[in-house]
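# Summary of the model geometry
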Amino acid sequence: MSSLIRAKVVYIPPSECELPALALQVIRLVDSFMLWLGVTEGSPGDVQRAPRLGSLCKDWACAMPPPPGTKVPGPATSLFRTSGSDVALSMAQRLGKDFVTPP
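What this report covers is the structure whose coordinates are included nearby. In this text the structure is predicted, and so the values were computed from the model without any measurement. Every chain is numbered independently, its residues counted from 1 as its sequence is written. A pLDDT threshold of at least 70 governs which residues receive local features in this predicted model, and a stricter bar of 80 or more applies before side-chain atom pairs are shown or counted, although totals over entire chains, interfaces and linings include all residues. Side-chain figures throughout are based on the complete set of non-hydrogen atoms in the structure, without hydrogens or water.

Within the secondary structure, Ala63 sits in strand β4 (residues 60-63). Since its relative accessible area comes to 19%, Ala63 is described here as buried. Whether two residues are in contact is decided by their heavy atoms, any of which lying within 4.5 Å being enough. Apart from residues lying up to four places away in sequence, Ala63 is in contact with Pro75, Ala76, Ala92 and Gln93. Segments assigned H or I by DSSP are reported as helices when at least four residues long, segments assigned E as strands when at least two residues long, and all are numbered from the N terminus. Working definition: with a 1.4 Å probe on protein chains only, accessible area under 20% of the residue-type maximum means buried, over 50% means exposed, and in between means partly exposed.

Below is the structure:
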């Protein structure tokens, strides 16, 4: 029997030389996704290690997809955030809108 939960880590190279590379971990759950996105200083070959070396609780938010046919962002909440920024909340809402699990 195969597992219903699958994980994949993707290396995203920087778009400009002064920007860091990113690591995106996509965990497909039964009826949803969990995404982790963080800066990585490792090489593309080491990207599998990035989520374990990252800081999950620095900026962390959770969002749900909006109701079908609406233009408003889905419900979201910040779980942890840095004092001067809440960038994770708006990012979670945008990703929640784009990553809708098909029925």
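Following the structure, the description resumes.
Another aspect to go through is the sheet that holds strand β1 (residues 6-12). Sheet architecture is open: three strands sit in the order β1-β2-β3, paired in antiparallel fashion. Strand pairing shows two members of the sheet lacking a second neighbour, β1 and β3 (33-40), which therefore form its edges. Neighbour to neighbour, the strand axes of the sheet diverge by 15° on average, direction disregarded. Paired strands, in this sense, are two strands between which DSSP finds at least two bridges. Pairing between β1 and strand β2 (residues 21-28): seven bridges, direction antiparallel. Residue pairing in the sheet places Val10 in a bridge with Leu24 of β2. Orientation is described by lines fitted to C-alpha atoms, with helices fitted over the stretch in contact, and by angles between N-to-C directions that extend from 0 to 180 degrees.

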